[in-house]
2 protein chains.
Amino acid sequence: MNYYARPVARLIDEMGKLPGIGPKTAQRLAFYLLNAPADTALGLARAIKEARASIRYCTVCGNYTDEDPCFICRDERRGRDVLCVVEHPRDVVAMEKTRSFGGLYHVLHGAISPMDGIGPEQLNIRGLLKRLEGRDVCEVILATNPNVEGDATALYLAGLLKPLVPRVTRIAHGLPVGADLEYADEVTLGKSLEGRQEMK
Amino acid sequence: MNYYARPVARLIDEMGKLPGIGPKTAQRLAFYLLNAPADTALGLARAIKEARASIRYCTVCGNYTDEDPCFICRDERRGRDVLCVVEHPRDVVAMEKTRSFGGLYHVLHGAISPMDGIGPEQLNIRGLLKRLEGRDVCEVILATNPNVEGDATALYLAGLLKPLVPRVTRIAHGLPVGADLEYADEVTLGKSLEGRQEMK
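Novice: Any chance you could explain the interface of chain A and chain B here in plain terms?
Specialist: In many analyses, interface size is given as the accessible surface area lost on bringing the parts together. The interface is formed by 55 residues belonging to chain A together with 55 residues belonging to chain B. When chain A packs against chain B, close to 5300 Å² is buried across both sides, 66% of that on carbon and sulfur atoms. By the criterion of area lost to chain B, the three top residues of chain A are Tyr-3, Arg-52 and Tyr-64 of chain A, representing 14% of everything that side buries. Every element with two or more residues in the side of chain A that touches chain B is listed here: α1 (6-15), α2 (23-35), α3 (38-54), β2 (64-65) and α5 (89-98) of chain A. With 15 residues, α3 of chain A is the single largest residue contributor to the side of chain A that touches chain B. The residue makeup of the side of chain A that touches chain B, split by class, is 32 nonpolar, eight polar and 15 charged.

Novice: Any chance you could explain the nonpolar core here in plain terms?
Specialist: The nonpolar side chains of a soluble globular protein tend to be buried, and buried together. Leu-11, Met-15 and Leu-44 of chain A together with Leu-11, Met-15 and Leu-44 of chain B are the most contacted members of the largest nonpolar core, which totals 48 residues. Listing elements by their share of this core, those giving two or more residues are α1, α2 and α3 of chain A together with α1 (6-15), α2 (23-35) and α3 (38-54) of chain B. When near neighbours in sequence (up to four residues on either side) are disregarded, Leu-11 of chain A contacts Ala-30 and Leu-33 of chain A together with Leu-44, Ala-47, Ile-48 and Ala-51 of chain B.

Novice: Please clarify how the domain arrangement of chain A should be interpreted in this entry.
Specialist: Split into domains, chain A comes out as domain 1 (6-54) and domain 2 (60-198). Here domain 1 of chain A and domain 2 of chain A have C-alpha centroids that lie 34 Å from each other.

Novice: Looking at this model, I keep getting lost on the pattern of salt bridges. Mind explaining?
Specialist: Close approach of charged atoms allows side chains with opposite charge to pair. Summed over all chains, the structure comprises 14 salt bridges over all chains. Arg-77 of chain A is the salt-bridge partner of Asp-75 of chain A, the closest N and O atoms lying 3.1 Å from each other. Between Arg-170 of chain B and Asp-151 of chain B there is a salt bridge, with its nearest N and O atoms 2.7 Å apart. Taken as a pair, Arg-170 of chain B in strand β6 (residues 167-170) and Asp-151 of chain B in helix α7 (residues 148-161) lie far apart in primary sequence, 19 residues in all. Judged by relative accessible area, which is 27%, Arg-170 of chain B ranks as partly exposed.

Novice: Can you help me understand the side chain of Thr-169 of chain B in this one?
Specialist: Tracing the chain through its elements places Thr-169 of chain B in strand β6. In this view, Thr-169 of chain B contacts Glu-139, Val-140, Ile-141 and Leu-142 of chain B; residues no more than four positions away in its chain are not counted.

Novice: Just checking my understanding: could you explain the sheet that holds strand β3 (residues 82-86) of chain B for this structure?
Specialist: All names here are of chain B. Pairing is parallel in the open sheet, where four strands are placed in the order β4-β3-β5-β6. The open sheet has two edge strands with one neighbour each: β4 (104-107) and β6. Strand-to-strand, the axes of this sheet are offset by a mean angle of 25°, without reference to chain direction. Summarising the sheet, β3 and β4 pair through four bridges and their orientation is parallel. Counted as the bridge partner of Leu-83 is Leu-104 from β4. Its contacts with the sheet place helix α5 (residues 89-98) against β3 and β4, and it is angled at close to 155° to β4.

Novice: What is the right way to read the packing of aromatic side chains from this model?
Specialist: What describes a pair of aromatic rings is the distance from one ring centre to the other and the angle between the planes of the rings. Evaluation of the coordinates by the stated rule reveals 10 aromatic pairs over all chains. Plain terms: the ring middles of Tyr-4 of chain A and Phe-31 of chain A are 6.3 Å apart, the flat faces sit at 50° to each other, and that makes the pair tilted. Here Phe-31 of chain A lies in helix α2 and Tyr-4 of chain A lies in the segment before α1, a separation of 27 residues in the sequence. Relative accessible area serves as the criterion here: at 13%, Tyr-4 of chain A is assigned to the buried category. In textbook terms, an aromatic cluster arises when at least three aromatic residues are bridged by ring pairs, as seen for Tyr-3, Tyr-4 and Phe-31 of chain A together with Tyr-57 and Tyr-64 of chain B.

Novice: How do you make sense of the sheet that holds strand β4 (residues 104-107) of chain A when you look at a structure like this?
Specialist: Sheets are built from strands that pair by backbone hydrogen bonding, the pairs being arranged parallel or antiparallel. Residues and elements named next belong to chain A. Spatial ordering of the open sheet is given by β4-β3-β5-β6, a layout of four strands whose pairing is parallel. Of all strands in the sheet, those bounded by a partner on one side alone are β4 and β6 (167-170). Strand after strand, the sheet turns through a mean of 25° between neighbouring axes, direction not considered. This element, α5, spans β3 (82-86) and β4 of the sheet and lies at about 155° to β4. Against the sheet, helix α6 (residues 125-132) touches β3, β4 and β5 (139-142), its axis set at about 150° to β4.

Rules used in this analysis
- Residues numbered from 1 in each chain as written.
- Chains lettered and ligands numbered in written order.
- Predicted model: local features only at pLDDT ≥ 70, side-chain atom pairs only at ≥ 80, totals over all residues.
- Heavy atoms only, no water.
- Contact = heavy atoms within 4.5 Å.
- Buried area = accessible area lost by both parts, 1.4 Å probe.
- Helix = DSSP H or I, 4+ residues; strand = E, 2+ residues; numbered from the N terminus.
- Nonpolar A, V, L, I, M, F, W, Y, C, P; charged D, E, K, R; others polar.
- Core = buried A, V, L, I, M, F, W, Y, C linked by side-chain atoms within 4.5 Å.
- Buried < 20%, exposed > 50% of the residue type's maximum accessible area, 1.4 Å probe, protein only.
- Domains from an automatic or database assignment.
- Salt bridge = Lys/Arg side-chain N within 4 Å of Asp/Glu carboxyl O.
- Pairing = 2+ DSSP bridges.
- Axes fitted to C-alpha atoms, helices over the stretch in contact; angles between N-to-C directions.
- Phe/Tyr/Trp six-rings, centres within 6.5 Å; stacked < 30°, edge-to-face > 60°.

So, in structure tokens, the structure goes:
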């Protein structure tokens with residue numbers, strides 16, 4: 001049965017392709033866009049087109065950028081001797097928001113996952129090795145996700161990088177801040193015990 | 001602090017203007033659109049532009065349409081003697097999904113709400129009166145929302161329409177199907193008692 005005019009149905013359909021947007025939300029957003037000021041609706045359409053047209057991967061670190069190299073790689077105030085390896089551009093944002101890292105990034109664009117047919121060759125690893133050639137990088141921090149794929153990727157990279165870099169580290173597993181021991185899963189709690197640190 | 005390339009920041013910003021989309025979801029959707037197949041991302045942009053360009057209000061019922069009159073008003077199989085008055089185009093969709101109404105609609109585009117400066121003049125009421133002139137409409141169903149504004153609008157319209165139409169009705173208030181008496185609010189329960197019907 002057909003409840004909508006064709007362009008409305010198409011808009012709902014396209015909205016529903018976004019992740020986490022079900023049919024109800026897609027309809028709500030579509031009706032909102034029909035009713036919103038033209039600037040809001042067309043501004044979104046323009047922003048999508050513009051972002052798709054201008055955004056590339058940074059040839060140095062692999063992050064999303066509209067200028068090459070990206071603004072992080074170009075930033076003179078950042079240390080060039082520490083590299084933080086992450087899976088996705090969104091992880092760069094997450095790390096930046098901590099304000100605790102002042103080095104450079106390297107984005108792999110995924111993690112090793114044989115189930116999905118993603119091996120080391122599919123990741124931006126060659127670029128990482130090239131970056132380490134003849135550079136004084138003293139530490140590589142492996143900040144892939146703390147799950148099976150991320151751990152496997154970190155393990156693989158550690159083996160690859162240890163002969164090339166003085167220090168290869170992995171971000172800590174443990175209890176999130178504000179958590180409750182009672183409700184923590186055993187694996188996380190076990191990891192937080194394993195990774196315990198001297199009180200200062 | 002700036003975490004994104006400019007076009008990415010703009011896309012996140014525009015995404016965040018959508019209702020119910022917070023900054024975290026906006027970022028997630030923006031990164032999805034950057035990474036998705038070009039067809040998905042540009043398809044959405046095109047659908048927004050196309051819908052905004054082609055969708056108008058139906059000059060008969062006020063619903064969204066790309067052809068005038070809309071496909072519901074043009075449908076010869078629908079009864080022309082019963083009108084269902086709703087607040088928004090999305091309410092037409094909700095009514096159609098019940099498959100229990102075979103008449104025509106009239107969309108007010110809002111409800112009387114003095115707090116928001118919306119009086120009867122701001123609503124599509126003149127169009128409704130014009131539709132009733134010289135037509136054999138035997139019933140108008142007032143299907144505005146069961147809240148203060150919708151009830152006020154229904155009351156106002158009832159006064160206006162009763163001299164013109166043989167039957168003016170209001171959709172029933174009561175317990176939703178599957179509800180529990182124990183958890184129903186007093187007002188709803190009171191209304192369901194008031195509106196009780198003979199068992200057949």
